[in-house]
Amino acid sequence: MLKRVHFGPSLLPFLLVAPQIAVTLVFFMWPAGQALYQSFLIQDAFGFSTEFVWFENFQILFEDQYYLASFQRTAIFSLSVAVMAMGFALVLAAMVDRIVKGVMAFQTLLIWPYAVAPVVAGALWVFMFDPTLGIFAYALNTIGYDWNHKLNGNEAMLLVVLAATWKQIAYNFLFFVAAIQSIPKSLIEAAAIDGAGPMRRFWTIIFPLITPTSFFLLVVNIVYAFFDTFGIIHAITQGGPAKATEILVYKVYNDGFIGLDLGGSAAQSVILMAIVIVITVIQFRFIERKVEY
Amino acid sequence: MRISKYILGAVTAASFATGAYAQVEIQWWHAMGGANGERVDKIAADFNASQSDYVVVPSYKGNYTETMTAAVAAFRAHEQPDIVQVFEVGTATMMAAKGAVYPITELMADTGTPFDQSVYLPAVVSYYQTPDGDLLSMPFNSSTPVLWYNKDAFKKAGIENPPSTWDELNADAQKLLDSGMTCGYSFGWQSWVMIENYSAWHNLPIGTRENGFAGTDTEFTFNNDAVVNRLQSVADSQAKGIFKYGGRRGDSLSLFTSGECGMWMNSSAYYGSIKSQAEFDFGQTMLPLDTDVADAPQNSIIGGATLWVLRGQPEDHYKGVAAFMKYLSQPEVQAWWHQETGYVPITTAAADLSREQGFYEENPGTDTAIKELSLNPPTPNSRGLRFGNFVQIRDIINEEMEALWAGDKTAREAMDTAVERGNALLAKFARANR
């Protein structure tokens with residue numbers, strides 16, 4: 001009884017959500033619909049001749065071994081970035097948690113890289129590892145390793161993974177620090193009184209209690225590696241050498257903006273959109289349930 | 001200094017806006033950065049100063065690919081410029097967009113501008129002509145590959161004349177190695193030099209339907225014995241150090257200018273770079289002839305970019321565009337551009353003027369490119385090429401050739417795969433532009 005109609009029908013709530021709805025429609029639904037429509041077309045660059053082909057663009061994609069290879073590459077890239085970025089961030093967060101003096105200074109410094117734009121991050125790493133100019137390439141050379149990511153695909157992949165990881169550590173760190181600090185001190189103190197050392201306390205108390213955060217970060221990091229690393233890859237390798245670092249989102253750009261194959265490029269975007277939807281569903285289904293120990 | 005220029009510009013613009021008549025503004029999007037960008041600005045400024053009806057406004061839109069993409073996107077949004085500079089591999093894409101481009105011949109006829117196509121170098125304009133001989137776009141910066149060689153190293157190795165055949169080139173490379181060098185020769189832009197130009201030079205087609213000139217229903221044929229044998233022999237000679245691969249575009253320039261490789265095949269437009277970087281005496285000569293394939297060279301094909309006129313602008317713009325194209329073709333303008341940049345002049349008159357001015361005498365070899373281009377009247381095999389999606393296809397060819405140099409594939413395998421992958425893209429283009 002109580003739950004029924006506290007407020008009379010009013011236009012106000014609709015008015016209040018209208019701007020948000022409008023933004024969503026204009027900036028999300030409309031372009032997504034356009035991409036979906038475009039993915040059913042084979043069209044020339046200028047848009048003069050258009051043929052509606054249903055799913056043929058998708059069929060072409062899945063018969064293209066280079067597209068499938070890009071999938072595999074993206075999986076390797078995203079997992080490497082997610083695991084490394086989270087691993088380093090967790091170690092740093094656990095250590096900062098134990099610092100007594102100057103916590104703020106450490107935290108601030110560790111968060112800094114997050115403020116660096118992807119392209120700038122890419123440029124930094126490109127300079128450090130440039131085969132002829134880079135200081136790290138030079139250092140590697142002195143110990144007898146001939147670094148050249150412009151010719152060696154594995155080195156190129158390693159470099160973009162490192163750059164993307166470096167940039168994401170700050171974000172993960174922030175969340176891990178917050179998660180660790182939200183664990184009741186009494187739990188940790190009780191364990192300490194029972195004689196558990198720092199490592200044991202971390203693995204048996206802190207680590208299980210931050211799993212919801214870890215899971216959330218895993219999803220966010222994978223989405224990051226899938227989409228937000230475009231700038232880094234564009235600045236460092238441009239997808240090369242010989243497609244060694246051409247992940248899915250870069251291939252969308254390459255086929256659409258360099259190759260002017262709009263239908264094929266749109267089809268790839270639609271597939272990426274489907275991937276995001278799946279990831280988001282997973283996030284809501286599992287994270288909202290709160291993974292707990 | 002800069003600020004005062006801006007203020008001056010603003011004041012000038014304001015005075016025009018309020019004046020009794022306004023000049024017609026013509027937007028020109030181009031891809032020439034750095035020093036060449038300044039030369040583009042100078043050409044526009046000189047044209048603007050030469051008359052008072054039109055103002056050409058050049059804007060730099062990034063590299064070739066970015067400029068072309070920008071123009072395509074702008075056209076779709078009805079914000080296109082009047083003139084856009086497009087590189088030669090984008091020709092088929094531009095051409096297929098019949099409603100978007102205003103062919104030069106038609107533009108000149110519609111605006112009543114006198115236009116004689118025969119004054120242009122045939123090898124330059126034939127790349128951009130319809131099968132009926134109408135000029136589609138105005139050649140602006142064109143170059144062709146030549147063989148650059150290190151004269152000092154040649155002297156040291158006891159080589160009198162630069163090679164004119166592949167056999168001589170290999171023999172000379174061996175002599176260079178014997179004289180203590182570690183690399184005989186290298187080349188850049190490998191698809192353009194070793195497949196497109198190699199084929200034209202020996203009068204071989206690289207694709208069906210007159211290299212795509214006669215229609216979009218075309219397929220590649222460059223996996224023929226001549227190309228495969230030559231590439232295999234180049235790949236095999238890597239072991240001895242005769243050939244060294246140094247990257248896709250101009251990356252291998254440093255191999256030549258540092259004195260590591262004694263010879264280098266790449267665009268004549270590297271003249272300026274080599275002149276400023278090489279600390280030795282260098283020369284340029286014509287591409288080598290493969291005597292197994294042909295008895296005499298045909299002619300080389302060009303690379304570079306042309307100016308395309310886009311439709312959809314008010315009538316009075318096109319009068320200005322036509323006037324600008326005419327201005328651009330003047331011998332004085334062309335000769336200046338040619339001598340400053342190393343690009344070939346687009347008219348015979350400009351080449352003659354450069355000769356009269358003594359440019360070729362002072363800089364021996366700088367007419368090699370023109371000689372190569374005008375060696376013989378172009379045949380359907382040496383007129384150029386017109387393939388859709390060719391930007392991506394060049395990447396495919398690069399990847400396959402790299403697999404060859406790395407020893408992962410034989411020349412036969414690499415070229416067969418390149419043809420197969422390229423044909424798939426050609427079919428896609430034909431379909432999209434039916």
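The rules behind each value
Residues numbered from 1 in each chain as written. Chains lettered and ligands numbered in written order. Predicted model: local features only at pLDDT ≥ 70, side-chain atom pairs only at ≥ 80, totals over all residues. Heavy atoms only, no water. Salt bridge = Lys/Arg side-chain N within 4 Å of Asp/Glu carboxyl O. Buried < 20%, exposed > 50% of the residue type's maximum accessible area, 1.4 Å probe, protein only. Helix = DSSP H or I, 4+ residues; strand = E, 2+ residues; numbered from the N terminus. Domains from an automatic or database assignment. Contact = heavy atoms within 4.5 Å. Buried area = accessible area lost by both parts, 1.4 Å probe. Polar contact = N/O pair within 3.5 Å; in protein donor to acceptor, adjacent residues only side chain to side chain.

**Describing the pattern of salt bridges**
- Enumeration over the complete set of coordinates arrives at 24 salt bridges over all chains.
- Put simply, K243 of chain A and E246 of chain A hold a salt bridge, and the shortest N to O gap is 3.9 Å.
- The class of E246 of chain A is buried, set by a relative accessible area of 2%.
- In this structure, R421 of chain B engages E399 of chain B in a salt bridge whose closest nitrogen and oxygen atoms are separated by 3.0 Å. Within this pair, whereas R421 of chain B is found in helix α20 (residues 411–432), its partner E399 of chain B is found in helix α19 (residues 390–405), the two being separated by 22 residues in sequence. For the pair formed by R421 of chain B and E399 of chain B, the shared burial category is buried.

**Let's talk about unusual backbone geometry**
- Although it is not a glycine, W54 of chain A adopts a positive phi angle of roughly 55°.
- In this structure, W54 of chain A sits in the loop between β2 (50–52) and α2 (56–63).
- The phi angle at N211 of chain B is positive, at roughly 55°, despite the residue not being glycine.
- Within the secondary structure, N211 of chain B is located in helix α10 (residues 208–211).
- You can call N211 of chain B buried: its relative accessible area is 2%.

**Observations concerning the domain arrangement of chain B**
All names here are of chain B.
- By domain assignment, chain B separates into domain 1 (5–143 + 303–361) and domain 2 (145–300 + 388–432).
- Using only C-alpha atoms to locate each centre, domain 1 and domain 2 end up separated by 30 Å.
- Between domain 1 and domain 2, the residue contacts involve 16 residues of the former and twelve residues of the latter.
- Both sides together, the interface formed by domain 1 and domain 2 hides about 1100 Å², and carbon and sulfur atoms give 62% of it.

**What to know about the side chain of Q80 of chain B**
All names here are of chain B.
- The topology assignment puts Q80 in the loop between α3 (64–76) and β3 (83–87).
- The buried category is assigned to Q80, whose relative accessible area is 11%.
- Side-chain polar atoms of Q80 contact the backbone oxygen of R311, separated by 2.5 Å.
- The contacts of Q80, once residues within four sequence positions are left out, are A74, F75, L310, R311, G312 and Q313.

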